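A structural walkthrough
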Amino acid sequence: MKLVFATHNQNKFEEVKALIPDSIALISLTDLGCTDDIPETGKTLAENARIKADFVTENYKLSCFADDTGLLVDALDGRPGVYSARYAGQEKNAEANMEKLLLELEGSSNRAAHFKTAIALNLKNDHHLFEGSVHGYIASRKKGKNGFGYDPIFVPCGHEQTFAELPLSLKNQISHRGRAIQKLIAFLNTL
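Heads up: these notes are all about the structure in this document. Each chain has its residues counted from 1, following the order in which its sequence is written. With the structure being a predicted model, the display of local features is reserved for residues of pLDDT at least 70 and the display and counting of side-chain atom pairs for 80 or more, all residues being used for whole-chain, interface and lining totals. With hydrogens and water stripped out, all remaining heavy atoms of the structure feed into the side-chain values.

1. What to know about the state of the cysteines
- A pair of cysteine sulfur atoms is labelled a disulfide when the two atoms are within 2.5 Å. Taken as a whole and assessed by the stated rule, the structure comprises 0 disulfides.
- Looking at the unpaired Cys34, the closest cysteine sulfur is the one in Cys64, lying at 9.2 Å.

2. Observations concerning the pattern of salt bridges
- Between Lys or Arg on one side and Asp or Glu on the other, a salt bridge is scored when a side-chain nitrogen of the former is within 4 Å of a carboxyl oxygen of the latter. Across all of its chains, the model carries 12 salt bridges by this definition.
- Between Glu95 and Lys142 there is a salt bridge whose closest N-O contact spans 2.5 Å. In this pair, Glu95 is assigned in helix α4 (residues 94-105) and Lys142 in the loop between β6 (126-138) and β7 (154-156), connecting sequence segments 47 residues apart.
- Note on classification: 1.4 Å probe, protein chains only; a residue is buried when its accessible area is under 20% of the maximum for its type, exposed when over 50%, partly exposed between these limits. Residue classification places Lys142 among the partly exposed residues on the basis of a relative accessible area of 30%.
- Put simply, Lys12, Glu15, Asp67, Asp151, Lys171 and Arg177 are held in one network by salt bridges that share partners. For helices the rule is a DSSP run of H or I covering at least 4 residues; for strands it is a run of E covering at least 2, with both sets numbered from the N terminus onward.

3. Overview of the side chain of Lys171
- Within the element layout of this structure, Lys171 appears in helix α5 (residues 168-174).
- The class for Lys171 is buried, based on a relative accessible area of 3%.
- We call two residues contacting when some pair of their heavy atoms lies within 4.5 Å. Apart from residues lying up to four places away in sequence, Lys171 is in contact with Glu15, Gly147, Phe148, Asp151 and Phe163.

4. Describing the side chain of Arg111
- Tracing the chain through its elements places Arg111 in the loop between α4 and β5 (112-123).
- His is not counted here, nor are the chain ends, while Lys and Arg score as positive and Asp and Glu score as negative. No salt bridge is formed by the buried Arg111; its nearest oppositely charged neighbour, Glu106, is found at 8.2 Å.
- Counting of polar contacts relies on pairs of N or O atoms within 3.5 Å, with two restrictions inside protein: one atom must be capable of donating a hydrogen and the other of accepting it, and residues adjacent in sequence are counted only when both atoms are side-chain atoms. Reaching out from Arg111, the side chain makes a polar contact with the backbone oxygen of Leu105 at a distance of 3.1 Å.
- Ignoring any residue separated from it by four or fewer positions in sequence, one finds Arg111 in contact with Leu102, Leu105, Gly136, Tyr137, Ile138, Ala139 and Ser140.

5. Concerning helix α3 (residues 45-60)
- Helix span is expected to be 1.5 Å times the residue number reduced by one. Between its terminal C-alpha atoms α3 stretches 23 Å, which fits the 22 Å expected from 16 residues at 1.5 Å a residue.
- Residues of α3 that are buried include every one of Leu45, Asn48, Ala49, Lys52, Ala53, Asp54, Val56 and Thr57, and no others.
- Residues of α3 that are buried make contact with β1 (2-5), α2 (29-32), β3 (64-73), β5 and β6.
- Positive backbone phi, at 60°, marks Lys61, one or two positions downstream of α3.

In structure tokens, the structure reads:
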């Protein structure tokens, strides 16, 4: 089966590809030749994921899944949430996003947060939604070189290292995206 993962983020693509069975030929937007920056105009993570998956299916006539992920920080009333990728501006700069978040939490004793991922699958115009989440807290400073996005400042519950310090194999087992992908794979295995 050929399936498009609607992302231009090569790090995210490799992370997900490591989880997908070899029986599925996974291709990215770059592989597809899609250079569009698909607008994320939804009010929820699930809406944004579906917008992206539907865009690919409608324009390229291929089955597609897309994800949208948000970091929800308790002390910030759930911000950055659906705006996580562009928290510090439309240019989607991960360093700027982390700096803004760390500055906003400076002096706060409540650093509890959780990541949530919504994956929308458009399989021949049949829609499915899979979600995953992981709880943890925001570290006081960036640590680690792996991963992407907020990984250098997020410490998952039960661990003392940030996502950026953990090996990818462990991160994939416990992360929000990994959990949502596992649900997607379980569904695809029933086809």
